[in-house]
Each structure stands twice: as structure tokens, then as C-alpha cells.
Amino acid sequence: MEIFKTKSALEAFLKPLKASKKKIALVPTMGALHNGHISLIELAKTYADIIVCSIFVNPTQFTDPKDLEKYPRPIEHDLAMLNEAGCSGVFMPNIAEMYPQGADENWHIDLGKAEFLLEGEFRKGHYQGVTQIVKKLFDAVEPDVAMFGQKDFQQVLMIKNMLAYFHLPIKIITCPIIREDDGLAMSSRNIHLSPVDRENSLVLSKSLQYVTDHFNEFSLDELEEKAKRFYQGIEGVELDYFTIVNGDTLEKAKSKNENSLVALVAAKVGATRLIDNMIIK
Ligand code: AMP
């Protein structure tokens, strides 16, 4: 497995591979890897010959400087996991490499109305930062295919909108959510959960599973209401939103007949903000 810290070294590695018509997959991450990330690498292997994983904690997508500061960075562990998974190359640039003019460089694109819903409401400017860095990674790698997790459901939609905005010919693959045995969606942030938080964190997957399992029994409003009740009286858990939306627009679902329905949740568990979702249909 090759490690690259600069775009030029990465491009030099990829050039002959592209010339010999190898298919390239990009798996963008912020590191602190877990089996969810590794599942993206595994799935990438079914689409491409060469898998490039990027590890970059992108400052422009963090709204809370403390969140950025405390983001875990276990790089040796990450490299060992990627090597084991059969990743071809790791791109781990520093901030100056990705933002030569500084992280406050100008960036604003139209991502549609959905940018401002859900996470966009709680993390202002988050998806501008996400699309800014992903565009830079796409430019550096020029992959045939890029892998993203359904765990960040809204992010996938924003990436697709960014792709349409720039007319980029990259195939986006959405990978299923990998969970711990008890249902908690794997996340780099789970490391911050205390034992009590860890127990409490199960309310996210349990409430989502309830809505999925009882979808035919209640109205949309009743389902949301019942899901929200899961959070009442759990000390140290603060619900930001639990909502059932149209999966294409992220607008609150008006009818069960809509083509695509997704239940999404965000909650603070102790000091850690977690998100999760389940596709109902
Ligand atoms: P992150 O390092 O958190 O930015 O995540 C990098 C990629 O891994 C994103 O596309 C995430 O959606 C995806 N991902 C994170 N957690 C999971 C999970 N539990 N299952 C599947 N994919 C995930």
C-alpha cells in the first residue's frame, strides 16, 4: 500500500494506471477508521481495480472548533486497517496541501433547498465545507467511482448535487450502514461515549427500528410522535430531530405513498452528537 502526502505524488502514481485503463475508486474519510469504513473499501473492490482511500480531517466542514480539535486521529491504526483491507493507496495531505490559499478560501455553490434542512439547520455551512473538500479530492484523484456511506444520508444527496453542478462523470455508490451487534451505527465519534452514553446511544437505532417495524400500523405523525417518546426521560440525551422525510428532497413526508421514505435522527448523547437513519422504502 502506497502512502501519498501530496497531490503531485498521488497523480504520478495514478497516471500510468489510468493509461492502462484501470478503474479507480475513491473512498473519502476523515480517519479514525472502523468496520463501516472498511465495508466501503470492500465494496469499492467490486467496482474498481485500484482503491484510493483519503484521510483528511477537513476544517471547513466543522461548525464547532472544539469538535474539530477533539476529532480522533489514530493514524498508525488506520494505516494498518487499510493495508489489511487491501487498499492500494492512501492520500493523507496536510491542510496547506488542500488549502494553499488558507482554509478560508472562497467557496459557495448551489446545493439546492435540501442543504438547509436536517443537518444543514444544526450545522450551518457544513455541506459547503463537505462539497468543497470532496471536489478537491475528486480533482486530485479523478476517480471512476466514489464510495459514500448511507450513514450520512444527506451528505450523499449533497455530493450528487455537487456532481450535477460541475457535470462531473463520477459514479457515486451508497454503501449500507454497518452497525455494532447491539444496533449502534459505527462512527468515529463513538469513542467519546462514556459507558452510560454508550448504553443510552441505543435509543437512536431502537427508535428507527420501531418506526420501520410499525410503519404499516400508524400514520406518519403517529410514528414520529411514538419515536420521539423513546427519548423522553433519558438523562443526558437531547434530541435534535427525529423525522420521516422524502428521500429525494429531504422535505418532511406528507404521505406514505411517496416514492422514497427515510427516517432520520440526530441526538446529543452526553457530549457527543450522533446521527443515524433507516430507509423505510
Ligand atoms: P467519515 O470518516 O466519518 O467522514 O466517514 C467516511 C465515510 O464512511 C462516509 O461516506 C461515511 O458515510 C461512511 N461511514 C461512516 N460510518 C459508517 C458506517 N457505520 N457504515 C457505513 N459507512 C459509514
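On a predicted model such as this, the values are computed, not experimentally measured, just so you know.

Cut-offs used in this document
- Residues numbered from 1 in each chain as written.
- Predicted model: local features only at pLDDT ≥ 70, side-chain atom pairs only at ≥ 80, totals over all residues.
- Heavy atoms only, no water.
- UniProt positions renumbered as here; feature names shortened; annotations may be inferred.
- Helix = DSSP H or I, 4+ residues; strand = E, 2+ residues; numbered from the N terminus.
- Contact = heavy atoms within 4.5 Å.
- Near = heavy atom within 4 Å.
- Polar contact = N/O pair within 3.5 Å; in protein donor to acceptor, adjacent residues only side chain to side chain.
- Areas by Shrake-Rupley, 256 points an atom, 1.4 Å probe, with all protein chains shown as cover.
- Nonpolar A, V, L, I, M, F, W, Y, C, P; charged D, E, K, R; others polar.
- Axes fitted to C-alpha atoms, helices over the stretch in contact; angles between N-to-C directions.
- Parallel < 35°, antiparallel > 145°, perpendicular 65-115°, else oblique.
- Left-handed = near helix turned anticlockwise from the far one by under 90°.

## Points about the UniProt feature "active site" (unreviewed entry) in the chain
Here is step 1: Taking the UniProt record as the reference, the feature "active site" (unreviewed entry) is found at His-37.
Here is step 2: As for its position among the elements, His-37 is in helix H2 (residues 35–45).
Here is step 3: With residues near it in sequence (within four places) discarded, His-37 still touches Thr-29, Gly-31, Ala-32 and Ser-188.

## Looking at the site of the ligand
Here is step 1: Lining the immediate surroundings of the ligand are 17 residues, of which Met-30, Gly-149, Asp-152, Ile-178 and Met-186 lie closest.
Here is step 2: In the model, an oxygen atom of the ligand is placed 2.9 Å from a nitrogen or oxygen of the Gly-149 main chain.
Here is step 3: At 2.6 Å, a side-chain N or O of Asp-152 approaches an oxygen atom of the ligand.
Here is step 4: Expressed as a share of its isolated accessible area of 490 Å², the protein-covered part of the ligand is 92%.
Here is step 5: When residues of the shell around the ligand are traced back to their parent elements, those giving at least two are strand S2 (24–29), H2 and strand S5 (145–149).
Here is step 6: Looking at the shell around the ligand element by element, the count peaks at three residues for H2.
Here is step 7: Split by residue class, the shell around the ligand holds nine nonpolar, six polar and two charged.

## Describing the packing of helix H7 (residues 126–141) against helix H8 (residues 153–166)
Axes are the key here: two packed helices are described by the angle between their axes and the distance separating the axes.
Here is step 1: Running from amino to carboxyl end, H7 crosses H8 at an angle of 60°, the nearest separation of the two axes being 10 Å. Of the possible angle classes, the one that applies to H7 and H8 is oblique. Judged by the twist between their axes, the crossing of H7 over H8 is right-handed. Contacts between H7 and H8 involve Tyr-127, Val-130, Thr-131, Val-134, Lys-135 and Phe-138 on the former and, on the latter, Gln-154, Gln-155, Met-158, Ile-159, Met-162, Leu-163 and Phe-166.
Here is step 2: The residue makeup of the contact of H7 with H8, split by class, is nine nonpolar, three polar and one charged.

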